[in-house]
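A structural walkthrough
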Amino acid sequence: MKNVIIAGGNGFLGKQFADFLINKKGYNVHIIDLKKNSGKKKNLFQYKCDVLNEKSFSTYIKVIKKKFKTIDVLINCIAKDYSPNFKNNFSFENLNIKMLKKDIEVGILSSVITSKYVSNIMIKQKKGNILNIGSDLSFISPNQNIYNNFVKPVSYSIAKHGIIGLTKYLSTYLAKYNIRCNALCPGGIYRNHNKKFVKNLSKLIPMNRMAKTDELNKAMFFLISDDSSYVTGHSLVVDGGRTIW
């Protein structure tokens, strides 16, 4: 059995990945999150933890390693994003530095911490796979014109661009230990968004729609499986073509 840790596994995207992997044979899924999901499934294990607390996180990693012998995959799904339905002005000229620091902690520092402790185990194993979650906004700036009474905060751009830098760094640093590191970068995923927002965003996408909830699963699986055994440092963009325009 391969052991997959999903940091932020009870979030929107993390839950999709967890359910997908649980339904495949040969995977134990370990969710580390601020909250536990009430559902119980075979081969699903949950740990309540704030990964920014290094001591707590490292303890859980040691527990998993001791009980299950290996940690094969780490998927970093922790992120701080604000729904465009959230009525708040994150204008740069009124930037709240305290909020910025917290958003960057969650959006990038959390992935640094998880990767640090999990890679320590993978280095000793001489194998492993780390998958970070970026965004189409890892490569382009948010188009503020598509929002209504909302400004996409600069913290999101900083964090998501940082994820790509982290991915490239780890892919080269860990390559000699047979550890791969890639990033999956989705475009907008439909979650009952405001119709006007969906229409505005879809106009920026060649496929003229947002992603469906489950359309990231197989891309994720490709990057964590042996099918991508010669792929590292890569950012796989799944955005309906948005970043091409």
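Before any of the text, the structure's been laid out above.
Everything numeric here is computed off the predicted structure, so don't read it as measured data.

It is worth spelling out the nonpolar core at this point. Grouped together as the largest cluster of nonpolar side chains are 27 residues, with contacts concentrated most on Ile5, Ile32, Phe57, Ile61, Ile71 and Val118. Elements with a minimum of two residues in this core: β1 (2-7), α2 (54-68), α3 (97-125), α4 (154-173) and β6 (179-186). Top element by residues in this core is α3. It accounts for 7 residues. Filtering out sequence-adjacent residues up to four positions away, Ile32 remains in contact with Ile5, Ile6, Ala7, Gly8, Gly9, Tyr47, Cys49, Val51, Phe57, Ile61 and Ile64.

Turning next to the side chain of Ser135. Topologically, Ser135 is positioned in the loop between β5 (128-133) and α4. You can call Ser135 buried: its relative accessible area is 3%. Within the local environment of Ser135, its side chain forms a polar contact with the backbone nitrogen of Leu137, the two atoms lying 2.9 Å apart. Beyond its immediate sequence surroundings of up to four residues, Ser135 is in contact with Tyr156, Lys160, Leu184, Cys185 and Pro186.

Attention now goes to the side chain of Arg180. As for its placement among the helices and strands, Arg180 is situated in strand β6. No salt bridge is formed by the buried Arg180; its nearest oppositely charged neighbour, Asp226, is found at 5.4 Å. Separated by 2.8 Å, the side chain of Arg180 and the backbone oxygen of Val231 make a polar contact. Not counting residues up to four positions away in its chain, the partners in contact with Arg180 are Gly128, Asn129, Ile130, Leu223, Ile224, Ser225, Ser228, Ser229, Val231 and Thr232.

Rules of the game
Residues numbered from 1 in each chain as written. Predicted model: local features only at pLDDT ≥ 70, side-chain atom pairs only at ≥ 80, totals over all residues. Heavy atoms only, no water. Core = buried A, V, L, I, M, F, W, Y, C linked by side-chain atoms within 4.5 Å. Buried < 20%, exposed > 50% of the residue type's maximum accessible area, 1.4 Å probe, protein only. Helix = DSSP H or I, 4+ residues; strand = E, 2+ residues; numbered from the N terminus. Contact = heavy atoms within 4.5 Å. Polar contact = N/O pair within 3.5 Å; in protein donor to acceptor, adjacent residues only side chain to side chain. Lys, Arg positive; Asp, Glu negative; His and termini not counted. Salt bridge = Lys/Arg side-chain N within 4 Å of Asp/Glu carboxyl O.

These results come straight from atomic positions and should not be treated as a statement about function.
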